[in-house]
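Residue strings, one per chain:
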Amino acid sequence: MVNWKQKLLAFLHDPPHKPVGIANHEQQRDSFLNRLGLPPDAFKDLLRESDWQASAADRLIFPEPTRSGLRVDWAANDCEFRHPLGGGATHCREDAPYCRRYGRQARQRPRRCRPGFGRLAAQVHLNYGALTVIKRLWARAYLSTREDTPDGYFDFGVCQWLRGNCRSVIEIASGRRDAIFWDETDEQLEALKPEESYYAVLAMDGDDMGQWLSGAKAPPLLNALASQAQDYFRQRWQNGKPGLPNAEKVKRPLSPGYHASISEALANFSLYCARPIVEMFGGQLLYAGGDDVLAMAPAANALDCAQALQLAFRGVSPEAPDAHASLEVKRILRDLFDYSPPVPGFITLRRSERADVGRAEHLKPNWPLLLMGPAATASVGIAIGHVRSPMQDVIQAARDAEKYAKSVIGKGAFCLMAHKRSGEGVGFRAQWASGVIAVWSELNEGVCDLSNRFAYRYTQLLKPLIIEGGSAEGARYAQKWDTTLSDAARAELCHTLRKQGGLKSEQAILLAKEWTTKLAGALSPRDYLHFWMTWAFVSRLVKPETHSPI
């Protein structure tokens, strides 16, 4: 029978974030003990046994230090801390600003929460789906408006809470928080401008989570060891012995600590990252559980919101060279999280209202939060739909787009689909690591002040080049790029930049070469055409200046 109290004490004695902020970690531990109702001296009788259990659960079982001769001096050496899932050394000294900063930020002792569901529900931000609202809150919302309800039966106004914490589809699409849009009546829909009538649904899912849990994607064992331990392992590993792989290829073994690290990383993302990011982009979180996220957002912000979510899921700084983050993504992530100094696989919540995670100030973690790390990836499906379209259809379109993104070789991709009111659909898919997202960001950030009129004109010139004919299944696109097609696409882009964008010849030539190189290297001819068609549609939602119908 498992003694869960002992296992909990073992985990609190050596939490995963301890190597990042080792100084004063006892005070953080005591704050948890206080919240759990355990006395501060709970470790006295279990200290040695807790150490043993922590070693079995969160550390690699290694030879006895007295025999191996391995020593680590935290005060004098430049010690290595390695991400438990992705490996990669992070060097930090005990007297470095990073260690000093997080070591001294001990958590304040929280006040114990009073019992009672009513008080708890009034304090905690809950995110309900539509069906859950009907099943769980209809009775309260209905009865709270009845005159014959006994006084004091409900200790908070359910209708007021929903109106204050949940946004309607019209509010998300229009970007306006207004009580008149709550009921979504026909009169409210008619009052919307065409560019205010579209919203997006995002469906995100971590890639290959089954392989992470089974150990197929576990990092090499040597990546999880410090330099001295690596040398010790290499010296004693019998390379060349039948049945044994090379020391460099030995993966980290499955253990309770390995699975606990994955569980903690997924919980940190869903609890502390997903909702603040979605709301900062003007959206509404519908569901967040582990690596799964379902949310609504304004159509113009959808791709930036998806990019921010996948960066947070991996714990990657938006300033990283391969992040390709837009200026808006960088600004919002810097407002929410602290990346100084950047430690891949970890983020820290900022102490601000913008970084609100639905918890009281004294319950927010103030230590670096473990996330999946740069070795993990996530795919996102985005579907843009009209406010009059059935929501279940838009959600299903987002799910289909997510599956389409996951079919990209190597995964770590996104798929953006726009379903116009006219019935026409356009969309494309690409990997996050490609240069596609960088070109999209440059266009959105107003490079050379290009308008969607420019994109519409360019797509008119592209269609005869890429669409080779029709068939019973639809248009037949060129299957792959060749020199003639790529040169023609670049020449037409250069021409359109000069005519519609007003660029000089030298600038248009350089920009056309850069963009076509990035896009053609990552997109098929069909997706290349749809990239420009999709951007023309989305950009009109921001700057409605073209005569082309939505």
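An account of the accompanying structure is given in this report. (Residues numbered from 1 in each chain as written. Predicted model: local features only at pLDDT ≥ 70, side-chain atom pairs only at ≥ 80, totals over all residues. Heavy atoms only, no water.)

## A few points about the pairing of strand S10 (residues 413-419)
With 6 of its 7 residues buried, S10 lies for the most part within the structure. Pairing of strand S9 (residues 378-386) with S10 involves 5 bridges; the strand directions are parallel. Bridge assignment links Ala-383 to a residue of S10, and that residue is Met-417. Assessed by its sense of winding, the connection that carries the chain from S9 through helix H16 (residues 391-406) to S10 is left-handed. Pairing between S10 and strand S11 (residues 425-431): 7 bridges, direction antiparallel. In the sheet register, Phe-414 faces S11, and the bridge partner there is Ala-430. (Buried < 20%, exposed > 50% of the residue type's maximum accessible area, 1.4 Å probe, protein only. Helix = DSSP H or I, 4+ residues; strand = E, 2+ residues; numbered from the N terminus. Pairing = 2+ DSSP bridges. Right-handed = clockwise from strand over helix to strand, strands pointing away.)

## What about the sheet that holds strand S7 (residues 346-349)?
Spatially, S6-S7-S8 is the arrangement adopted by the 3 strands of the open sheet, whose pairing is antiparallel. This sheet does not close on itself; its edge strands, each paired only once, are strand S6 (337-338) and strand S8 (369-370). For S7 and S8, the ladder comprises 2 bridges, and the chain directions are antiparallel. Considered in S8, the bridge of Ile-347 is made with Leu-369.

## Digging into helix H13 (residues 256-280)
With 25 residues, H13 should reach 36 Å at 1.5 Å per residue; the first-to-last C-alpha distance of 36 Å fits that figure. Largest kink in H13: about 40°, centred on Cys-273, with the proline Pro-276 one to four residues after it. Of the residues one or two after H13, Gly-282 is the one with positive phi, at around 80°. (Expected span 1.5 Å × (residues − 1). Bend = angle between axes of the 7 residues up to and from the residue.)

## Considering the packing of aromatic side chains
Two aromatic rings are characterised by how far apart their centres lie and by the angle between their planes. Across all of its chains, the model carries 15 aromatic pairs by this definition. When the ring of Trp-515 is compared with that of Trp-532, the centres are 6.1 Å apart and the planes differ by 50°; the resulting orientation is tilted. With Trp-515 in helix H20 (residues 505-520) and Trp-532 in helix H21 (residues 525-542), this pair connects stretches of sequence that are 17 residues apart. For the pair Trp-515 and Trp-532, a shared accessibility class is recorded, and that class is buried. Here the aromatic cluster, defined as three or more aromatic residues joined through ring pairs, consists of Phe-414, Phe-428, Trp-432, Trp-440, Phe-454, Tyr-458, Trp-481, Trp-515, Tyr-528, Phe-531 and Trp-532. Arg-429 extends its terminal NZ or CZ atom over the ring of Tyr-404, reaching a point 4.0 Å from the ring centre. (Phe/Tyr/Trp six-rings, centres within 6.5 Å; stacked < 30°, edge-to-face > 60°. Lys NZ or Arg CZ within 6 Å of the ring centre and 35° of its normal.)

What is shown is where atoms sit, not what they do.
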